[in-house]
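As a plain string of letters, each chain reads:
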Amino acid sequence: MSDHLEKNKPFINVTPLIDVLLVLLIIFMVAAPAKPHKFNTKLPSPPDGRVYPPNPDTLVVTIEGDRTLRLNGLTDMGTVEDPSKLQTKLIWLFAERTKNRDYRPELSTRTDLPDSMRVQKTVFIKAPRSIPYGEVARLIDGLKGTGADPIGLQLDDLNR
């Protein structure tokens, strides 16, 4: 009986499998160039030239070329190396906003959240491209310590 098993070993014929794979390969090679090669997008319209006044709740920290800091129109907010004046001003400003209930528009009706989470604490950083990223990152860390959230980078009108 063992001789019978040795004579009838299973043998898989892979020729039909290879034929099917080659046919599929040819089909995909023919179909691939038929795909559209363009990517349609909707571009924004060019600026209309109007100047919009800034939102009074928008806080923009500007890093000047000499590494000094400005908060909106306020000067003498310290430097990148020592942003303590800026941090003190932001902490006071966020406390005033909490006291006055100056909420983010999207959270104004969310009474389930504490006031400290609903208050507008968005800060943007504007810096010239010549400032190393590490210094901007250090400033972001300092702003996080004041409770600023979210912190964004302002990309328009950057100086080189």
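Predicted model, so just to flag it, every value in this text is computed and none were measured.

Asker: Would you mind going over the overall build of the protein chain with me for this structure?
Answerer: Within the protein chain, the regular secondary structure consists of five helices and four strands. When the helices and strands of the protein chain are listed from N to C terminus, the series reads α-α-β-β-α-α-β-α-β. Sorting the 160 residues of the protein chain into buried and exposed places 24% on the buried side. Restricting the contact set of the protein chain to residue pairs at least 6 apart, pairs at least 24 apart contribute 53%. Accessible surface for the protein chain amounts to roughly 12400 Å². Of this, 61% is attributable to carbon and sulfur atoms.

Asker: Could you clarify how one ought to interpret the nonpolar core in this entry?
Answerer: Taken as a class, soluble globular proteins show a tendency for nonpolar side chains to be buried jointly. Counting 20 residues, the largest nonpolar core has Val61, Ile63, Leu69, Leu86, Leu139 and Leu143 as its most contacted members. In contact with Ile63, other than residues within four places in its own chain, are Thr68, Leu69, Val80, Ile125, Lys126, Ala127, Pro128, Ile131, Val136 and Leu139.

Asker: Help me understand helix α5 (residues 133-144) in this model?
Answerer: One turn of the α-helix equals 3.6 residues, which is why residues spaced by three or four share an orientation. The terminal C-alpha atoms of α5, which comprises twelve residues, lie 16 Å apart, in line with the 16 Å expected from a rise of 1.5 Å per residue. Buried within α5 are the following residues: Glu135, Val136, Leu139, Ile140, Gly142 and Leu143. Summarising the axial view, the buried residues of α5 lie within an arc of 160°, below the 170-degree limit, and thus occupy one face. Exposed positions of α5 whose direction lies more than 90 degrees from the buried face are Tyr133, Asp141 and Lys144. Summarising the contacts, the buried residues of α5 are in contact with β1 (59-63), β2 (69-71), α3 (84-100), β3 (123-126) and β4 (151-153).

Asker: In this structure, what is going on with the pattern of salt bridges? I would like to understand it.
Answerer: Side chains that differ in sign of charge can pair as their charged atoms come close. On inspection of all chains with the given rule, the structure shows six salt bridges. In this structure, Arg50 and Asp48 form a salt bridge, with 2.8 Å as the shortest nitrogen-oxygen distance. On the accessibility criterion, Arg50 (56% relative accessible area) is exposed. On the basis of relative accessibility, which here comes to 48%, the residue Asp48 falls in the partly exposed class. For Arg67, the salt bridge is made with Glu135, and the minimal N-O distance between the two is 2.6 Å.

Asker: I tried to follow the pairing of β3 on my own but got confused; where do I start?
Answerer: Walk down a regular strand and you will see the side chains alternate between the two sheet faces. Of the two faces of β3, the one lined by Val123 and Ile125 is fully buried and the one lined by Phe124 and Lys126 carries no buried residue. Of the pairings in the sheet, the one linking β3 to β4 comprises three bridges and is parallel in character. In the sheet register, Phe124 faces β4, and the bridge partner there is Gly152. Between the parallel elements β3 and β4, the chain passes through α5 in a crossover that is right-handed.

Asker: Is there a simple way to explain the environment of Glu64 in this structure?
Answerer: In this structure, Glu64 sits in the loop between β1 and β2. With a relative accessible area of 26%, Glu64 lands in the partly exposed category. For the pair Glu64 and Ile131, spaced 67 residues apart in sequence, the C-alpha to C-alpha distance is 9.0 Å. Setting aside chain neighbours within four positions, we find Glu64 in contact with Arg70, Pro128 and Ile131.

Asker: Whenever I open this one, the side chain of Glu135 confuses me. Can you help?
Answerer: Structurally, the position occupied by Glu135 is in helix α5. Looking at Glu135, its side chain comes within polar contact range of the side chain of Arg67, at 2.6 Å.

Asker: Would you take a moment to explain the pairing of β1 for this structure?
Answerer: Among the five residues in β1, five count as buried, and that is most of the element. Of the two faces of β1, the one lined by Leu59, Val61 and Ile63 and the one lined by Val60 and Thr62 are each fully buried. Of the strand pairs in this sheet, β1 and β3 are connected by four bridges, and their pairing is parallel. Residue pairing in the sheet places Val60 in a bridge with Phe124 of β3.

About the criteria used
Residues numbered from 1 in each chain as written. Predicted model: local features only at pLDDT ≥ 70, side-chain atom pairs only at ≥ 80, totals over all residues. Heavy atoms only, no water. Helix = DSSP H or I, 4+ residues; strand = E, 2+ residues; numbered from the N terminus. Buried < 20%, exposed > 50% of the residue type's maximum accessible area, 1.4 Å probe, protein only. Contact = heavy atoms within 4.5 Å. Areas by Shrake-Rupley, 256 points an atom, 1.4 Å probe, with all protein chains shown as cover. Core = buried A, V, L, I, M, F, W, Y, C linked by side-chain atoms within 4.5 Å. Expected span 1.5 Å × (residues − 1). Arc of directions from axis to C-beta. Salt bridge = Lys/Arg side-chain N within 4 Å of Asp/Glu carboxyl O. Pairing = 2+ DSSP bridges. Right-handed = clockwise from strand over helix to strand, strands pointing away. Polar contact = N/O pair within 3.5 Å; in protein donor to acceptor, adjacent residues only side chain to side chain.

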